[in-house]
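# Structural characterization, general
Below, each chain spelled out in residue letters.
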Amino acid sequence: MRVLAFETTCDETSASVLEGGSLRSNAVYTQIELHRKYSGVVPELASRAHLEKMPYVLGSALKQAGLKVPLKKGCVDAVAFSRGPGLPGALMVGRVAAGAAAELIGAPLVGVNHLEGHLLACEFEKGRASRPLEFPLLALIVSGGHTEIWHAKGYGDYKVLGRTRDDAAGEAFDKVAKLLGLPYPGGPEVEREAAKAKGPCPEFPRPLLPGTRDFSFSGLKTAVSYYLAGRLGTDFYKRKLRLPPADRARVCRSFQDAAVETLVKKTSDAARSLGLTRIAVGGGVSANGALREAFGKLEGFEVRFSERAYCSDNAAMVALCAMRRLEAGKYRNSVNVAPELDEPGWRG
Ligand code: KG4
Ligand code: ZN
């Protein structure tokens, strides 16, 4: 089975060809440079950049996969795209590209849930989907826009147990980085800074929210902001005042520790209460080394992460979702974009 897939939910334009579970290509154009000067993704600019880059990204994915243009009828078995959740304008670019390709090729159009893609990305090893997930498992999706835990009983069979009530984990990393004067995206910057920390670090709260499986990261971000206001003055952000590098590293370390501890504790508590021994972690924040290490130390659980190359947004994971659906022969052809899509299963 050969699948052509598109990914345009946020600030990566990507196209991929997956054949029999092996990646033939996974072309990704990242818009990070474009958004950096605004310290975050500007939706209108993201849509325009997807429009501009998609033809080249698609061309590159097809060429690398050895698919000849013009595309012949039946050259792929399905065309997939991320139908949500994501930025409305950005999603429509992926939908129109996928729709046009599906029409030309005469292949079915399969809309998939982007967050399910982050989970299934755990199956890739050296360019092959050779490590199928074993169910049931507890899934933790940690990205720039989402923080969710699911009880995953099988492909497409997911129950959302908890999600963030405010900022997503990645968003908190990005916002804390911004407060500290570090560039976007903040996650990798905070991780790099945290690794340099020496000596005693400030204490930040762990937002554990007892009694619910939901998350909340905005209070943690506010705690960092109060700490900086105490050190530099309440108008520190407006006046662009910065901590000395050694102190900045300590703040990053403390913030990262608090975020990681919260994610690991809430996820493992939920898994334990359901009697699950398998955990799979996906999404941009899952690239974080401290998070991987902390999950690795958990006793009594088998924890899976995707290879770092597939943690952030890419079309390979979208192609794999479509392949799993087609293999199981149980999907509804959902082809409308759904920016607020919150049903992670195949009925969505
Ligand atoms: O999954 P993703 O690529 O896009 C969304 O679907 O949102 O995730 C992007 C997020 C950003 O917030 C980024 O700062 C965060 O993932 N991220 C990290 C790391 N690498 C990326 N957060 C913490 N540590 C990292 N190493
Ligand atoms: Zn994502």
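Our subject is the structure that appears above.
Rules behind the numbers
- Residues numbered from 1 in each chain as written.
- Chains lettered and ligands numbered in written order.
- Predicted model: local features only at pLDDT ≥ 70, side-chain atom pairs only at ≥ 80, totals over all residues.
- Heavy atoms only, no water.
- Donors = N, O, S within 2.8 Å, 3.2 Å for Na, K, Ca; no water.
- Helix = DSSP H or I, 4+ residues; strand = E, 2+ residues; numbered from the N terminus.
- Buried < 20%, exposed > 50% of the residue type's maximum accessible area, 1.4 Å probe, protein only.
- Pairing = 2+ DSSP bridges.
- Axes fitted to C-alpha atoms, helices over the stretch in contact; angles between N-to-C directions.
- Contact = heavy atoms within 4.5 Å.

Right, let's get into the coordination of the zinc ion (ligand 2). Ligation of the zinc ion (ligand 2) by protein atoms is provided by H114 (NE2), H118 (NE2) and D313 (OD), these donors lying 2.0 to 2.1 Å from the ion. All donor residues of the zinc ion (ligand 2) come from one chain, and their arrangement in sequence is H-x3-H-x194-D. Here H114 is found in helix α4 (residues 114-120), whereas its partner D313 is found in the loop between β10 (302-305) and α10 (315-328), with 199 residues between them in sequence. Of the two residues, H114 and D313, both sit in the buried class.

Okay, the sheet that holds strand β1 (residues 2-7) next. As summarised here, the arrangement of the five strands in space is β3-β2-β1-β4-β5, forming an open sheet in which the pairing is mixed. Bordering the open sheet on either side are β3 (22-30) and β5 (109-113), each of which pairs with just one other strand. Strand-to-strand twist across the sheet, computed as the mean angle between neighbouring axes with direction ignored, equals 20 degrees. Pairing between strand β4 (residues 78-84) and β5: five bridges, direction parallel. The residue bridging V79 from the neighbouring strand is L109, located in β5. Here helix α2 (residues 43-65) sits on the sheet in contact with β1, β2 (12-19) and β3, set at roughly 25 degrees to β2. Where α10 meets the sheet, its contacts fall on β1, β2, β3, β4 and β5, and the angle it forms with β1 comes to roughly 135 degrees.

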